[in-house]
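# Descriptive structure summary
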Amino acid sequence: MFFKRVNFFLLALILFFALGSCSKKTIGYGVLLWFINDPAIPSGVVLPVQVRSNIEQAWVTVVPEEFQTEENQVAMVPLPHLEFFNSKGAAERFAAGFNEYALFYAETLQDGLPIRDKPENNARRTYRLKEGEVIKILHLVEGIEAISSTGDPLEGNWYKVLTQSGSIGYCFSYRLHIFEHTTGFLGDDPVLVDTSADSDLEIVLTRIWYPESYGAMINSGRLNLDALSENYSFKSGIADGRARIHLESGDAEFVYKTITKTGNRSWNFTGTSLNVILHSESVLEVQWEDEAAEKSETFVTLPLSVENIVNQEKERRQNLFHTLYVRGPSFTSANYGTLIFRSNGDFVWDDIGLLPEGMVSNSTLGSGTLDMDYNLAGDMADRYSGALSMRFNVVSGNRRSLVFAYTLDNQGLRMEYVPSDYVSGRTVSRRAASPLVIYFSAEN
């Protein structure tokens, strides 16, 4: 953690000086950007500043009366964790503008998530976050729209953020879990849990648990990368005493210091509504209360990390596309024009106006990107080799995406259009009543 090494002799001198002169020595005022653990002071509070120590890289501040304890009337704050002003009025004006996000922090859901020097995808990376790392939200900012690997806009916003080590930059929120922190410790206080005599509890606390649907996807071989990339999970938070549930239906967080055994392979995170039951080494039931409603979710362990599973699936899809590309890359239909695949995953389809009315609009262009991101089920899996989506570029408005089941033979490529009503999630479950089947002959 930041600011752990302290020259205690120097610290004693600084605190002696500050304590002995609180009433008459103030060099300015600062707005606390990062919560102080001891004494507990939330971010956003204005603090009188007594000393700036360049050796210790910290401010010595007076603790406001409402946060003082007998032991703590002065607090040391790392330099990046406080916004300094020469006057109290300037500090209070900054605090008023900071108030909307003063209590908001974020946990990163992806290892390697970048912080950049500008709010745009291509800006220089200034810091690489670790999965589970907590950062401080400073402000919402205007930025360049973030785009996914498929070319679609990502949901979220750009924020100016602060890391605990003091780095400041911009981060897009698509891979952030934003939460409000008002009381309790934020990562420095040890959790008092002894697992030496309870191997089952050690399993619960040391593993990342994923929704049961993740396991079902992996077992079926039909992966939805959009869902997997969200990293929905239950994490015990044993390192910082903050258990976290991250699900599509909503998030929950529980601050605890100890864990109490309540039965055979069941425990309560003391002082919270969070209970867990270990049904097997790979299946965990999690129960909690949210807004007076009781909730329960089953989580499982996975054979690989989500990151590795996603990377393997992306490689599999790339291999499928490569098979199409090598077999073509140019295919021609007597009725529907020529379809050409590019090595980078793009495609060109001329004469798309020959497609039935309603499939594409007047603003749709005959080019776009292709992804092997759909799966087949039932008789569709018996009839075709796979499914793909074609995201067409447009003159204006949202990009239009069409889904096709496909198979290759010695002469070319057969594609069957799949209307959205016949798609569940990312799985093509059945044929349309009157399917449109297009046959393209390979030109090579």
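Scroll up to find the structure this text is about.
Residues numbered from 1 in each chain as written. Predicted model: local features only at pLDDT ≥ 70, side-chain atom pairs only at ≥ 80, totals over all residues. Heavy atoms only, no water.

### With respect to the packing of aromatic side chains
What counts is decided by this rule: Between rings of Phe, Tyr and Trp, where Trp is taken as its six-membered ring, a pair exists when centres lie within 6.5 Å; planes separated by under 30 degrees are stacked, by over 60 edge-to-face, and by other angles tilted. Summary of the burial criterion: residues with accessible area below 20% of their type's maximum are buried, those above 50% are exposed, and those between are partly exposed, where the area comes from a 1.4 Å probe applied to protein chains only. Helix and strand labels come from DSSP, where a helix needs a run of H or I of at least four residues and a strand needs a run of E of at least two; each type is numbered from the N terminus. Any Lys NZ or Arg CZ that is within 6 Å of a ring centre and within 35 degrees of that ring's normal is treated as a charge sitting over the ring.
Counting across every chain of the model gives 20 aromatic pairs. Their ring planes at 45° and their centres at 5.3 Å tell us that Phe85 and Phe94 sit as a pair that is tilted. With relative accessibility at 18%, the residue Phe85 sits in the buried group. Between Trp158 and Phe172, the aromatic rings sit 5.4 Å apart at their centres with planes inclined by 65°, giving edge-to-face as the arrangement. On the criterion of sequence distance, the pair formed by Trp158 in strand β10 (residues 158-163) and Phe172 in strand β11 (residues 168-172) is long-range, its members being 14 residues apart. Here Trp158 and Phe172 have matching classes, each one buried. Following the ring pairs from residue to residue traces out a cluster consisting of Phe347, Trp349, Phe392, Phe404, Tyr417 and Phe440. Its end group placed over the ring of Phe179, Arg244 keeps NZ or CZ at 5.8 Å from the ring centre.

### Points about unusual backbone geometry
With glycine set apart, most residues show a phi of negative sign, and most peptide bonds adopt trans. A cis amide bond links Gly328 to the next residue, Pro329, at an omega of -5°. For Pro329, the position within the fold is in the loop between α6 (306-327) and β22 (330-333). Here the phi dihedral of Arg265 falls at roughly 60°; this positive angle occurs in a residue that is not glycine. Structurally, the position occupied by Arg265 is in the loop between β17 (259-263) and β18 (266-269).

### Describing the pairing of strand β3 (residues 58-62)
The cut-off we apply is this: DSSP calls a pair of strands paired once it identifies at least 2 bridges connecting them.
For β3, a buried count of 5 out of 5 residues is recorded, marking the element as mostly surrounded by other parts of the structure. Of the two faces of β3, the one carrying Ala58, Val60 and Val62 and the one carrying Trp59 and Thr61 are both buried. By the bridge criterion, 4 bridges tie strand β2 (residues 46-53) to β3 in an arrangement that is antiparallel. Each bridged residue has a counterpart across the sheet, and for Val49 the counterpart in β3 is Thr61. Two successive antiparallel strands, β2 and β3, enclose a turn made up of 4 residues, where Gln57 displays a positive phi of approximately 55°. With 5 bridges connecting them, β3 and strand β4 (residues 74-78) associate as antiparallel partners. In the strand pairing of β4, Ala58 is matched with Pro78.

Geometric values such as these leave the question of function open.
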